[in-house]
Each structure stands twice: as C-alpha cells, then as structure tokens.
Amino acid sequence: PVKVVADTTANLPEDLVKELDIRIVPYCIQFGTETFYEGELSREEFHRRIAAGVFPKTSQPPIGKFLQVFEDAAAEASGRGSWTTSMGTTPGWTR
C-alpha cells in the first residue's frame, strides 16, 4: 500500500485522515517557554492563554519528528507521498 505523510499545515479533515490512514506531522506552538505539538491543546485552552495575554508563536516540527513519521510509514508501505508547505512559505524545508 501507499502511505501519505502530511504536516498539520495541510489542514486535512479528520475523517479523511482516518479513512486514508494519512500520517500527520504536527507543527509546534509556543506559549512563552512552553512548547506543544499542534493538537495537544484544546481550543478552549488555546484561547484562554491568548485572553490572558500570552500570544503564541509557531515553528516547524523538529526534523526528528518528520524522520520518525516517514520511517514508520515506510515500514508499512510499498510507496510513499508527502504533502507539506512549499519552501517559499515555511522554514520547515530550509535545513
């Protein structure tokens, strides 16, 4: 089978991710000194922090996170595809 890997900037519907077993690499969200992977905070908690005056920053996932997800997908696949943002719009591909 072919396995698809995407990052959270693809904003894929959850039902599609489940149906096609798409592997998702989450981007990081930083509130002050705390870092979370996208999806770890509830929407309520996210907005509570903003209301408290702490504004988020985002950053690309660590390269090791991409590698882990790609290796896991490769172990189960005869082919692979990946959809991420372009080099011109994110630092995620500048390493």
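Provided above is the structure to which this section pertains.
Now for a quick tour of the structure. (Residues numbered from 1 in each chain as written. Predicted model: local features only at pLDDT ≥ 70, side-chain atom pairs only at ≥ 80, totals over all residues. Heavy atoms only, no water.)

We now examine the nonpolar core. Counting residues in each nonpolar core, the largest one holds five residues, listed as Val5, Val25, Phe66, Val69 and Ala73. Sort the elements by how many residues they give to this core and helix H3 (residues 63–75) lands first, with three residues. Beyond its immediate stretch of four places on either side in the chain, valine 69 contacts Val5, Arg23, Ile24 and Val25. (Core = buried A, V, L, I, M, F, W, Y, C linked by side-chain atoms within 4.5 Å. Buried < 20%, exposed > 50% of the residue type's maximum accessible area, 1.4 Å probe, protein only. Helix = DSSP H or I, 4+ residues; strand = E, 2+ residues; numbered from the N terminus. Contact = heavy atoms within 4.5 Å.)

We now examine the sheet that holds strand E3 (residues 28–31). Spatial strand order, E4-E3-E5: three strands in an open sheet with antiparallel pairing. If you trace the sheet from one side to the other, it starts and ends with strand E4 (34–37) and strand E5 (57–59), each paired once. Ignoring strand direction, the axes of neighbouring strands in this sheet form an average angle of 30°. In terms of strand pairing, E3 meets E4 through four bridges, oriented antiparallel. Paired with glutamine 30 across the two strands is threonine 35, which belongs to E4. (Pairing = 2+ DSSP bridges. Axes fitted to C-alpha atoms, helices over the stretch in contact; angles between N-to-C directions.)

Taken as a whole, this structure holds two aromatic pairs when the rule is applied. On the numbers, 5.5 Å between centres and 80° between planes, the contact of phenylalanine 31 with phenylalanine 46 is edge-to-face. One end of the pair, phenylalanine 31, is in strand E3; the other, phenylalanine 46, is in helix H2 (residues 43–51), and 15 residues separate them in sequence. Looking at arginine 49, its charged tip hangs above the ring of phenylalanine 31, at a distance of 5.4 Å from the centre. (Phe/Tyr/Trp six-rings, centres within 6.5 Å; stacked < 30°, edge-to-face > 60°. Lys NZ or Arg CZ within 6 Å of the ring centre and 35° of its normal.)

This part takes up unusual backbone geometry. The backbone phi angle of asparagine 11 is positive, close to 50°, even though this residue is not glycine. With respect to the secondary-structure elements, asparagine 11 resides in the loop between strand E1 (2–7) and helix H1 (14–20). The class of asparagine 11 is exposed, set by a relative accessible area of 68%. Its identity as a non-glycine residue notwithstanding, aspartate 21 has a phi of 50°, on the positive side.

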